[in-house]
Amino acid sequence: DVGVFVMKEIEQIKMRKDVEILRDKYNIRIISLAKRMDIPEVNLRNFMNGRILIDRNHEIVKQGILDVRQELKEAEEYQGFDN
């Protein structure tokens, strides 16, 4: 379905922006994100350079971004071990 493909492309634009934020604002390297998501680094780099992810990798990267965002939220709220 063409509509689903367009929605997937739009979602991937958002995902690229999220990865850019993780890389630029939080200094999380692409290789670290790829390892965290358990995908080859080259796949994530190609994605960041405009390639469209296959369905399987789309879901892996999407979930990986959500997981890392949740971990960042917890890290930002962390008060330290002595509180």
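See above for the structure.
Conventions used here
Residues numbered from 1 in each chain as written. Predicted model: local features only at pLDDT ≥ 70, side-chain atom pairs only at ≥ 80, totals over all residues. Heavy atoms only, no water. Buried < 20%, exposed > 50% of the residue type's maximum accessible area, 1.4 Å probe, protein only. Helix = DSSP H or I, 4+ residues; strand = E, 2+ residues; numbered from the N terminus. Arc of directions from axis to C-beta. Contact = heavy atoms within 4.5 Å. Patch = residues over 30% accessible without salt bridge, like charges linked within 9 Å, V, L, I, M, F, W, Y side chains within 5 Å. Areas by Shrake-Rupley, 256 points an atom, 1.4 Å probe, with all protein chains shown as cover. Salt bridge = Lys/Arg side-chain N within 4 Å of Asp/Glu carboxyl O.

### Details of helix α2 (residues 30–37)
Moving on, step 1. Among the residues making up α2, those that are buried are Ile30, Leu33, Ala34 and Met37. Buried residues along α2 cover an arc of 100° about the axis, so they all sit on one side.
Moving on, step 2. On the buried face of α2, the contacting elements are α1 (2–24), α3 (41–48) and α4 (55–77).
Moving on, step 3. Of the residues one or two after α2, Asp38 is the one with positive phi, at around 60°.

### Thoughts on the environment of Leu44
Moving on, step 1. In this structure, Leu44 sits in helix α3.
Moving on, step 2. In this structure Leu44 comes out as buried when scored by relative accessible area, which is 0%.
Moving on, step 3. Sequence spacing of Leu44 and Asn57 is 13 residues, and the spatial spacing of their C-alpha atoms is 9.1 Å.
Moving on, step 4. When residues no more than four places from it in sequence are discounted, the contact partners of Leu44 are Ile30, Leu33, Ala34, Ile39 and Val61.

### Considering α3
Moving on, step 1. All buried positions along α3 are accounted for by Leu44, Phe47 and Met48. Down the axis of α3, the buried set is contained in an arc of 100°. They therefore lie on one face.
Moving on, step 2. On its buried face, α3 is in contact with α1, α2 and α4.
Moving on, step 3. Positive phi appears at Gly50, one or two residues downstream of α3, with a value of about 105°.

### Regarding a nonpolar patch on the surface
Moving on, step 1. On the surface, Val2, Val6, Met7, Ile10 and Ile13 cluster together to form a nonpolar patch covering roughly 460 Å² of accessible area.
Moving on, step 2. Of note, Val2 is situated in helix α1.
Moving on, step 3. A residue is classified by how much of its surface remains accessible, and Val2, at 65% relative accessible area, is exposed.

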